[in-house]
Amino acid sequence: MPVRKVPNNTMEYFHSTERHPWSAPAALCYYEANRGSAEDIYPSERVFLADALNSAATVLDIGCAAGGFARALREIKPDLSYTGVDVTPAMVESARRQFPDDNFQVIDGRHLPFPDDSFDVAICYGVLHMTMDWRELLGEGWRVCRKTLLFDLRLTDSIGVCNPNISYQKLAFDGEWDGESVAPYIVLNHREALAALQDLIPPCSLQGYGYIGPVSGNTVSSYREVCMAAFCLSKSVGRASITRWDIPFPLI
Ligand SMILES: C[S@@+](CC[C@H](N)C(=O)[O-])C[C@H]1O[C@@H](n2cnc3c(N)ncnc32)[C@H](O)[C@@H]1O
């Protein structure tokens, strides 16, 4: 029986460009079978989605995995023009097979090759709490959206944890873990997260909604519970503003 353990130097593993932990068979199987219908969209993600899509013609899905949101979003807005990007080639290959009429590209969300304001809406669900480069992805998503950026984070009112050697998720999903494939599990202090959002240029009007929930069984974390928080940022003229804060941590 092989010994199962996470990579010795997890930090080195994440910075290796050859390895794509999200190519793990369990992750591919999961995203080929899930997240492909509007019913699979989590309640926190739904809070802002319909309104944002209502006035949108184009959407960019950053970290699209096997592309299920191409179908899920069209169940909400049928005439949507959808583009999905993901850093993992195996995910994009799967997305192209399943949705040959849509546009999928292997692209690192830290460096999006699109001009400013290219898409009415950019979405980045289920990604930012699994990458140490969440600030870069956030900044790029904000740059390329014309109206609205939707994303989620994991928050705490205690100390944030961004060290993947001690906070990570085994990419096992419903299947068996291969003993190696892991993604960082990033938990941000809520004030740190808010400060990063308020630093965005141009300034945003911000809405946030979240609730406390248990971390999944596949996650190694010093926290048993975190706040699952969904955000909707809209480009606005003038100063940054917070128009909704339904998050169970105080703003000040
Ligand atoms: C947890 S899955 C989320 C999939 C999908 N957005 C959803 O909510 O169902 C995370 C995905 O983000 C992708 N990803 C991670 N880092 C990325 C990056 N820097 N640029 C683009 N995609 C990235 C992974 O390859 C993986 O497919």
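Residues numbered from 1 in each chain as written. Predicted model: local features only at pLDDT ≥ 70, side-chain atom pairs only at ≥ 80, totals over all residues.

Q: Can you lay out the site of the ligand for me, pointing to particular residues and giving the numbers?
A: Neighbouring residues of the ligand: 20 residues in total, closest Trp-22, Gly-63, Thr-88, Gly-109 and Gly-126. Class assignment of the residues belonging to the shell around the ligand gives a composition of 10 nonpolar, 5 polar and 5 charged. (Near = placed C-beta within 6 Å. Nonpolar A, V, L, I, M, F, W, Y, C, P; charged D, E, K, R; others polar.)

Q: Explain the packing of helix α2 (residues 25–33) against helix α5 (residues 89–98) residue by residue, including any values.
A: Look at α2 against α5: their axes get within 11 Å of each other, and the N-to-C directions meet at 30°. In terms of orientation, α2 lies roughly parallel with respect to α5. Judged by the twist between their axes, the crossing of α2 over α5 is right-handed. For the pair α2 and α5, the contacting residues are Leu-28, Tyr-31 and Glu-32 in the first and Ala-90, Met-91 and Ser-94 in the second. Of the residues in the contact of α2 with α5, the class split is 4 nonpolar, 1 polar and 1 charged. (Axes fitted to C-alpha atoms, helices over the stretch in contact; angles between N-to-C directions. Helix = DSSP H or I, 4+ residues; strand = E, 2+ residues; numbered from the N terminus. Parallel < 35°, antiparallel > 145°, perpendicular 65-115°, else oblique. Left-handed = near helix turned anticlockwise from the far one by under 90°. Contact = placed C-beta atoms within 7 Å.)

Q: Which residues make up the nonpolar core, and what are the values?
A: Core analysis: the largest hydrophobic core is formed by 73 residues, its most contacted members being Val-121, Ala-122, Cys-124 and Leu-150. Top element by residues in this core is strand β11 (residues 225–235). It accounts for 8 residues. Those residues in contact with Cys-124 that sit more than four places away from it in its chain are Ile-62, Gly-63, Leu-137, Gly-141 and Phe-151. (Core = buried A, V, L, I, M, F, W, Y, C linked by C-beta atoms within 7 Å. Buried ≥ 20, exposed ≤ 12 C-beta atoms within 10 Å, placed from the backbone.)

Q: Break down unusual backbone geometry for me, with residues and values.
A: Leaving glycine aside, a negative phi is the common case for residues, and trans is the common case for peptide bonds. The step from Ile-201 to Pro-202 runs through a cis peptide bond, and the omega angle for that step is -10°. Residue placement: Pro-202 occurs in the loop between α7 (190–198) and β9 (204–214). Of note, the phi angle at Ala-65 is positive, near 55°, even though the residue is not glycine. Unusually for a residue other than glycine, Asp-117 sits at a positive phi of about 55°. Residue position: Asp-117 is located in the loop between β3 (103–106) and β4 (119–124). The exposed category is assigned to Asp-117, around which 12 C-beta atoms lie within 10 Å.

Q: Can you break down the confidence of the model for the protein residue by residue, with the values?
A: Across the protein, the average pLDDT comes to 91, with 92% of residues at 70 or higher. Every residue in residues 1–5 scores below 50 in pLDDT, and together they form 3 contacts with partners more than four places removed in sequence or on other chains. (pLDDT = per-residue confidence, 0-100.)

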